[in-house]
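A structural walkthrough
Here's the letter readout for the chains.
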Amino acid sequence: MTDSATLDPHRSARTNRILVVAAGLEGIDSLKSGLLKQAAQVCLVTDAQGVDSPDTFYGADFSSKASLAQVLGQVAAHLGRVDAVVLALTPAAALIARPITSMSVEDWRKACLEPLRLARHCLQESFRLFDGGTGCIVLLGPNFSFTGSAGLTALSTVSEGLRGLMKSAARQWGGQGIRLNWVGVDSVVLAPALDDAPIPLSPEMGPPPPALGAAPALAEGVAETIAMLVDATALTGVSLPVDGGVWMVP
């Protein structure tokens, strides 16, 4: 499935075909609209309700690897060639701020273990979609993954788990031309439900606003960064905060 446009590091971003897998992401429509400005085609696989578009495949059973594989296969057939996969997994159960001591085994399973299992399935199926060709995978997570958050233990663990999976897969698949990177999005931009959550402040910045004056939105700064990573053939295994300068880390 490899073609000349895929191998050309100087190809225009607008030739890219991007598949977005989103679970629990409230801003899925704005992310798609932003990516459409940066790519030729964008298809969604989501558990969101009310998403209506001919380029959207939704209603996948994310608890079933076979169902996920089937739907991703449909999207690949529609696109013809998948250049990049974006994983935006923000499980609703992980957005509840609570002490870790209050979480039952079932709470932890829903908030942490199931999302990490879904992420693993997504990575495995994304690898198959590239079918021996090159490709790019971008994972989105909250920017406080760099520090942790006392009240959001499950979400912090999921996000760090995603970063760990990203780095390990980047090392395994780099020789095959498959690149993986992680983007740390402002927490409230990624999940508005976290607006009142006890999210830690940046030590050098103190309280908001960010250095750029506002946290980059999904449709603008985040989509632009994803497009940049899709075309940046020299970058893999990178954790990149796209939060307006709140966390200025390597």
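Up top is the structure.
As a starting point, this report considers the structure included with it. All values reported here derive from a predicted model rather than from experimental measurement. (Residues numbered from 1 in each chain as written. Predicted model: local features only at pLDDT ≥ 70, side-chain atom pairs only at ≥ 80, totals over all residues. Heavy atoms only, no water.)

1. Structural notes on the packing of helix H4 (residues 105-130) against helix H5 (residues 153-173)
- At a closest axis distance of 9 Å, the pairing of H4 and H5 adopts a crossing angle of 20 degrees. With respect to their mutual orientation, H4 and H5 come out roughly parallel. Crossing of H4 over H5 shows right-handed handedness. Where H4 approaches H5, its residues Trp-108, Ala-111, Cys-112, Pro-115, Leu-116, Ala-119, Arg-120, Leu-123 and Phe-127 are matched on the opposing element by Thr-153, Ala-154, Thr-157, Val-158, Gly-161, Leu-162, Leu-165 and Trp-173.
- Grouping the constituent residues of the contact of H4 with H5 by class yields 13 nonpolar, 3 polar and 1 charged. (Axes fitted to C-alpha atoms, helices over the stretch in contact; angles between N-to-C directions. Helix = DSSP H or I, 4+ residues; strand = E, 2+ residues; numbered from the N terminus. Parallel < 35°, antiparallel > 145°, perpendicular 65-115°, else oblique. Left-handed = near helix turned anticlockwise from the far one by under 90°. Contact = heavy atoms within 4.5 Å. Nonpolar A, V, L, I, M, F, W, Y, C, P; charged D, E, K, R; others polar.)

2. Quick word on the pairing of strand S2 (residues 41-46)
- The buried count for S2 comes to 5 of 6 residues, which makes it a mostly enclosed element.
- Where strand S1 (residues 17-23) and S2 come together, 6 bridges link them in parallel fashion. Looking at the pairing, Val-21 lines up with Val-45 of S2.
- Handedness of the β-α-β unit built from S1, helix H2 (residues 28-36) and S2 comes out right-handed.
- As paired strands, S2 and strand S3 (residues 56-58) are joined by 3 bridges and run parallel to one another. In the strand pairing of S3, Leu-44 is matched with Thr-56. (Buried < 20%, exposed > 50% of the residue type's maximum accessible area, 1.4 Å probe, protein only. Pairing = 2+ DSSP bridges. Right-handed = clockwise from strand over helix to strand, strands pointing away.)

3. Thoughts on the sheet that holds strand S5 (residues 135-142)
- With parallel pairing, the 7 strands of this open sheet are ordered in space as S3-S2-S1-S4-S5-S6-S7. Here the strands that pair on one side only, and so sit at the sheet edges, are S3 and strand S7 (238-242). With direction set aside, neighbouring strand axes in the sheet form an average angle of 20 degrees.
- Contacting S1, S2 and S3, helix H3 (residues 65-79) crosses the sheet at an angle of about 170 degrees to S2.

Without other data, these values stay purely geometric and don't point to any function.
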